[in-house]
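Geometric and topological summary
The lines below spell out each chain.
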Amino acid sequence: MISLVRDRTPRAGVGDGRLVALAVVTAVVFGALSIVGGLLVFAMLGIVAIFAVCAYRPVFAPYIYLATLPFLAGIERGALVPMARPNEALLAVLLAGACFGGLLRYLRGDAVRLRLRPMDMPLAGLVLLATVWPIASMMLRGQTPLGSDFSAVLPMCKLAALFVLVRMTVRTDAQLLRCARLIVWPGAVVAVVAILQTLNVGPVLDLLAGWWSTDSGGLSSRGTTTLGSSIATGDYVIMCLSLVICCSLRGLFARREALVAGFVLGAGVLAAGQFSTWIAAAVAVVVILRRIPQLRRRAVRFLPVVGVAVLVGAPAFLGRMSDFSEGFPVPRSWLGRWDNITHFYLPRLDDFGFVLGVSPDSVLVAPETWRELIYLESGYLQLLWVGGLPLLAAFGWLSVAVLTATSRLRARPDATGAYAAALEIAWWVIIVLSIIDIHLVLRGSGDLLFVLLAVVSGRCTRERS
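These lines cover the structure that appears in this document, whether it is placed above or below. (Residues numbered from 1 in each chain as written. Predicted model: local features only at pLDDT ≥ 70, side-chain atom pairs only at ≥ 80, totals over all residues. Heavy atoms only, no water.)

What follows concerns the overall build of the chain. Within the chain, the regular secondary structure consists of 20 helices and 2 strands. Counting all 465 residues of the chain, 45% fall into the buried class. Residue pairs at least 24 apart in sequence account for 74% of intrachain contacts in the chain once pairs closer than 6 positions are excluded. Only carbon and sulfur atoms are counted for the fraction: they give 69% of the accessible area of the chain, which is about 23300 Å². (Helix = DSSP H or I, 4+ residues; strand = E, 2+ residues; numbered from the N terminus. Buried < 20%, exposed > 50% of the residue type's maximum accessible area, 1.4 Å probe, protein only. Contact = heavy atoms within 4.5 Å. Areas by Shrake-Rupley, 256 points an atom, 1.4 Å probe, with all protein chains shown as cover.)

See below:
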């Protein structure tokens, strides 16, 4: 008898054969690619893995970025990734993965929290006036923006994207504490590199010379480290040290952990070899002692640790102090900065150039043969050069919003209070040091500043209510 019911039992070997064929094809393709592309295949697999992890757990995106930030930010643009720094390319992958995961959760029906906070409007104003406005201003004045003008506004766009990423993913106190450690301990490694660099340790100098560029003449004279900038190194280390102090006072870091990290970071401040860094450290100490009275009574206990840290970081400090022994009333580098400002930048800011701004790109081609480029080394003049009085006013508006928010949150005994106190210290450093340097968007330290902004801005409404 013939059954009219179709046999639903799968045919032996058909499905297995397809799987085997697919596996063979995949193996052949990846084998060929590994022969042809080598590390490129593993890089692509790594990108896919990072994308998948961030899609599954978006909070891993800021974790990965913070852990790798001080080591990737100083590698030259185009050295590993075409037309981009490695940390910029990594951020693009992290953002893509986190956004894809967020989209899947939204389609699943999860709630998406998008709420404006008091600091959001001032920050949005600063970002728009630092990116869209300079390009529009040039076009309104009949000038055609060049590729360098568009690339000059990209760092602020990157920082704004990082702000949104941290704001949308880091929510709990446990995540804040995890981020704090991912900030502090890589910063401690950077401080160790600065110390070894200024002690003229050969393998460290060779490694830095091979992968990281430097903003100064000699690799051993200042602590440029893996950030490729002694100024950025100093800012980064000071922010990490401020966060260590603010967390340890609230019991978030163990005493031994705080002492070890504080010792290394304190020595790194001196090893940076920058006068502006030491001025920033003085500003930070003043703010800390004013805001944390109980620390004044405990300061005597830490004098031995401070003394050892000073001895470790002394070579760079003594090397820079030699400028004064040569008869200069100020550091020699400052004389060069002032000469550049008076001869190349102030003439173009005259005749109402400061009102609307001059150009998004403040780097000029040098007329001399002994150098190629000239850099504007003043934060406030940079604001006027890029966006004129509107951008300078936006920075003032944001400064008022930041200091107002931190004044409400810094007394909290939790991780939010620690981040708020650290942000207040960092922002006062920015306000004071922007007279002589550009600190707001420095690679590495600018990223860390916007991470602090994202954390504090997302929580200031609660205190207000």
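Here we take up the packing of aromatic side chains. As enumerated under the stated definition, the model contains 5 aromatic pairs in all. When the ring of Phe 51 is compared with that of Phe 100, the centres are 5.6 Å apart and the planes differ by 40°; the resulting orientation is tilted. One end of the pair, Phe 51, is in helix H2 (residues 39–56); the other, Phe 100, is in helix H4 (residues 86–108), and 49 residues separate them in sequence. Ring centres of Phe 395 and Trp 427 lie 5.9 Å apart, and the angle between their planes is 25°; this geometry places the pair in the stacked category. Separated by 32 residues along the polypeptide, Phe 395 in helix H17 (residues 379–409) and Trp 427 in helix H18 (residues 415–433) bring together distant segments of the chain. By way of ring pairs, the aromatic residues Tyr 380, Phe 395 and Trp 427 are connected into one cluster. (Phe/Tyr/Trp six-rings, centres within 6.5 Å; stacked < 30°, edge-to-face > 60°.)

Within the element layout of this structure, Ala 67 appears in helix H3 (residues 60–72). The class of Ala 67 is partly exposed, set by a relative accessible area of 27%. Taking the C-alpha atoms as reference points, Ala 67 and Cys 179, 112 residues apart in sequence, are found 8.7 Å from one another. The contact partners of Ala 67, leaving out residues within four places of it in the chain, are Leu 182 and Pro 186.

Further remarks concern the pattern of salt bridges. With the rule as written, the count across this model stands at 11 salt bridges. With its nearest N and O atoms 3.0 Å apart, the salt bridge here joins Arg 410 to Glu 424. Residue Arg 410 is found in the loop between H17 and H18, and its partner Glu 424 is found in helix H18; the two are separated by 14 residues along the sequence. When salt bridges that share partners are traced, they join Arg 291, Arg 410 and Glu 424 into one network. (Salt bridge = Lys/Arg side-chain N within 4 Å of Asp/Glu carboxyl O.)

The end-to-end C-alpha distance of H4, which contains 23 residues, comes to 33 Å, matching closely the 33 Å that a straight helix rising 1.5 Å per residue would cover. Among the residues of H4, those classed as buried are Pro 86, Asn 87, Leu 90, Leu 91, Val 93, Leu 94, Gly 97, Ala 98 and Gly 101. Just past H4, the residue Gly 109 takes up positive phi, approximately 110°. (Expected span 1.5 Å × (residues − 1).)

Right, let's get into the environment of Ile 374. Along the polypeptide, Ile 374 turns up in strand S2 (residues 373–374). On the accessibility criterion, Ile 374 (0% relative accessible area) is buried. Measuring from C-alpha to C-alpha, the distance between Ile 374 and Phe 344 comes to 8.6 Å, with 30 residues separating the pair along the chain. Those residues in contact with Ile 374 that lie beyond four places of it in its chain are Asn 340, Phe 344, Tyr 345, Ser 362, Val 363, Leu 364, Ala 366 and Pro 367.

Take Ser 457: it is sitting in helix H19 (residues 445–457). Side-chain polar atoms of Ser 457 contact the backbone oxygen of Ala 454, separated by 3.2 Å. Beyond its immediate chain neighbours, meaning those up to four positions away, Ser 457 contacts Arg 117, Met 119, Asp 120, Phe 163 and Arg 167. (Polar contact = N/O pair within 3.5 Å; in protein donor to acceptor, adjacent residues only side chain to side chain.)

Take unusual backbone geometry next. One non-glycine residue, Met 83, lies in positive phi territory at about 65°. Of note, Met 83 is situated in the loop between H3 and H4. What makes Met 83 exposed here is its relative accessible area of 76%. Phi is positive for Asn 200, close to 65°, though the residue is something other than glycine.

So, about the packing of helix H5 (residues 120–140) against H17. Close contact between H5 and H17 brings their axes to 8 Å; oriented N to C, the two are set at 165°. When the axes of H5 and H17 are compared, the pair comes out roughly antiparallel. Relative to H17, H5 is oriented so that their crossing is left-handed. Within the contact between the two elements, H5 uses Met 121, Pro 122, Leu 123, Gly 125, Leu 126, Leu 129, Ala 130, Trp 133 and Pro 134 and H17 uses Val 386, Gly 387, Pro 390, Leu 391, Ala 394, Phe 395, Trp 397, Leu 398 and Ala 401. Of the residues that constitute the contact of H5 with H17, the class distribution is 16 nonpolar, 2 polar and no charged. (Axes fitted to C-alpha atoms, helices over the stretch in contact; angles between N-to-C directions. Parallel < 35°, antiparallel > 145°, perpendicular 65-115°, else oblique. Left-handed = near helix turned anticlockwise from the far one by under 90°. Nonpolar A, V, L, I, M, F, W, Y, C, P; charged D, E, K, R; others polar.)

A cluster of nonpolar side chains, Phe 100, Leu 103, Leu 104, Tyr 106, Leu 107, Val 112 and Leu 114, forms an exposed patch at the surface whose accessible area comes to about 750 Å². On the secondary structure map, Tyr 106 appears in helix H4. You can call Tyr 106 exposed: its relative accessible area is 52%. (Patch = residues over 30% accessible without salt bridge, like charges linked within 9 Å, V, L, I, M, F, W, Y side chains within 5 Å.)

On to the nonpolar core. Ranked by size, the top nonpolar core spans 97 residues in total, and within it Leu 265, Tyr 419 and Trp 427 carry the most contacts. With 14 residues, H18 is the largest single contributor of residues to this core. Apart from the residues lying within four places of it in its own chain, the contact partners of Trp 427 are Phe 395, Leu 398, Ser 399, Val 402, Leu 403, Leu 440, Leu 449 and Leu 453. (Core = buried A, V, L, I, M, F, W, Y, C linked by side-chain atoms within 4.5 Å.)

By the element assignment, Arg 371 lies in the loop between strand S1 (364–365) and S2. Not counting residues within four places of it along the chain, the set of residues in contact with Arg 371 comprises Asn 340, Phe 344 and Ala 366.

Before going further, it helps to spend a moment on the side chain of Asp 414. Relative to the helices and strands, Asp 414 resides in the loop between H17 and H18. With relative accessibility at 17%, the residue Asp 414 sits in the buried group. If sequence neighbours within four positions are ignored, Asp 414 has contacts with Asp 173, Arg 250 and Leu 252.

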